[in-house]
Amino acid sequence: MKKYKIITYGCLANHSDSERIAKKLEDQGYLKSENPDLVIINICSIRQAAVDRAFAQAKKYKNVIVTGCLLKSDYDKFTKYAKIVKKENLFSVKPKNSCLIPIMTGCNNFCSYCVVPYTRGREYSRPPKEIIDEAKLFINNGAKEIWLLGQNVNSYKYDFPKLLYKINSIPGDFWIRFLSSHPKDMGNDLIKSIRDLPKVTEYINLAVQSGDNEILKKMNRNYSIEEYKKLALKIKREIPNVCLSTDIIVGFPGETKKAFQNTVKLFKEIEFDMAYISKYSPRPGTLASKMKNQITFEEKSRRYSELNNLLKKISLKRNKQLIGQETRALINNNFIGKTKNFKTIKVNGSSNNSFVDVKITKALIWGLSGKIK
Ligand code: SF4
């Protein structure tokens, strides 16, 4: 029996692709193994660190295929150790127990630091019927959580809120989550559907990237910080129990100390539940990689720590406010799961992959503890 291993880097969309690749291999008689005859590396070029780690893995194994978001400039480096295969359209492959559903791929936004529009191409949205049929299949097979994925789900061509309404009306006990959203495309319709649809979870990742207008302009993000703040506060006002997370890049070229302090100020004002903070890393071929005033690694690390320490304080404060509340949670393994609004929760029991009602008893920096009712 042939054995395979898949190593995945990057976003949930890449993980969804890996599940589909795994399904294809298993259909061809391959077995998943830590001692593989074939290794697939599904790469993400957004961060240099991920490319370096993938390269180290490619050198480690004999029979390696590299796929995913790979910049042309990295091709030569990898071809010495691996075969490079462009990802075919994997939408038609149905993963076994997965409930990750890509609804669109690619991006038209051209943020100045990002390679996605070059590696994944322009936006392509799947027709709603295809997505709904796939969701029905997963739900009938016992899926409890459906993730709708895309680089920018709220610019889904066939109306994202409408899609949420349709999936919400599928009979069954399940939650609907989605990722990622661009602030410039976050309309009132979407906010209302998150508020009103019982199966859509109150979790929004709304990437801001910087709290400073000059930097946002250089990043080509197409919103001002005032617009972002207005939107974030509206979401918090309109959706009770919403958990709002964001993505941040510290040390973008030209980010002065004052500009960084504007991001600190934003954190204090908005009080995000979670933030995915990364140190800027130049990606070849992007506009930002050619910008002047690159920030030193030491300074990026210092800014990262300052923001992360602030985030820890805010997160703990927000979690403490939840002590005593009752919530529903989906428990996956080792008595750990997620609440409906995507907070990590540790409970005192429960079988795998089941919904439980929990009373929150303790706040942790990055999550909660609770007792099953
Ligand atoms: S919105 Fe910007 S950061 Fe996100 S995938 Fe598109 S270009 Fe990249």
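How each quantity is defined
- Residues numbered from 1 in each chain as written.
- Predicted model: local features only at pLDDT ≥ 70, side-chain atom pairs only at ≥ 80, totals over all residues.
- Heavy atoms only, no water.
- Domains from an automatic or database assignment.
- Helix = DSSP H or I, 4+ residues; strand = E, 2+ residues; numbered from the N terminus.
- Buried < 20%, exposed > 50% of the residue type's maximum accessible area, 1.4 Å probe, protein only.
- Phe/Tyr/Trp six-rings, centres within 6.5 Å; stacked < 30°, edge-to-face > 60°.
- Lys NZ or Arg CZ within 6 Å of the ring centre and 35° of its normal.
- Axes fitted to C-alpha atoms, helices over the stretch in contact; angles between N-to-C directions.
- Parallel < 35°, antiparallel > 145°, perpendicular 65-115°, else oblique.
- Left-handed = near helix turned anticlockwise from the far one by under 90°.
- Contact = heavy atoms within 4.5 Å.
- Nonpolar A, V, L, I, M, F, W, Y, C, P; charged D, E, K, R; others polar.

## Digging into the domain arrangement of the chain
Step number 1: Each assigned domain of the chain is listed here: domain 1 (3–84), domain 2 (93–318) and domain 3 (326–372).
Step number 2: Taking only C-alpha atoms, the centre of domain 1 and the centre of domain 3 are 33 Å apart.

## Points about the side chain of Arg-120
Step number 1: Residue placement: Arg-120 occurs in the loop between helix 4 (116–119) and strand 8 (124–125).
Step number 2: Owing to a relative accessible area of 19%, Arg-120 belongs among the buried residues under this scheme.

## Thoughts on the packing of aromatic side chains
Step number 1: Throughout the structure, instances matching the rule amount to 13 aromatic pairs.
Step number 2: Ring centres of Tyr-223 and Tyr-228 lie 6.1 Å apart, and the angle between their planes is 40°; this geometry places the pair in the tilted category.
Step number 3: Members of the aromatic cluster, joined through ring pairs, are Tyr-223, Tyr-228, Phe-267 and Phe-272.
Step number 4: Seen from the ring of Phe-342, Lys-338 lies directly overhead, with NZ or CZ sitting 4.3 Å from the centre.

## Considerations on the packing of helix 7 (residues 188–196) against helix 9 (residues 225–238)
Step number 1: Where helix 7 meets helix 9, the closest approach of the two axes is 10 Å, and the angle between their N-to-C directions is 30°. Relative to helix 9, helix 7 is oriented roughly parallel. Pair helix 7 / helix 9 crosses with right-handed handedness. Contacts between helix 7 and helix 9 involve Asn-188, Ile-191 and Arg-195 from the former and Leu-231, Lys-234, Ile-235 and Glu-238 from the latter.
Step number 2: Residue composition of the contact of helix 7 with helix 9, by class: three nonpolar, one polar and three charged.

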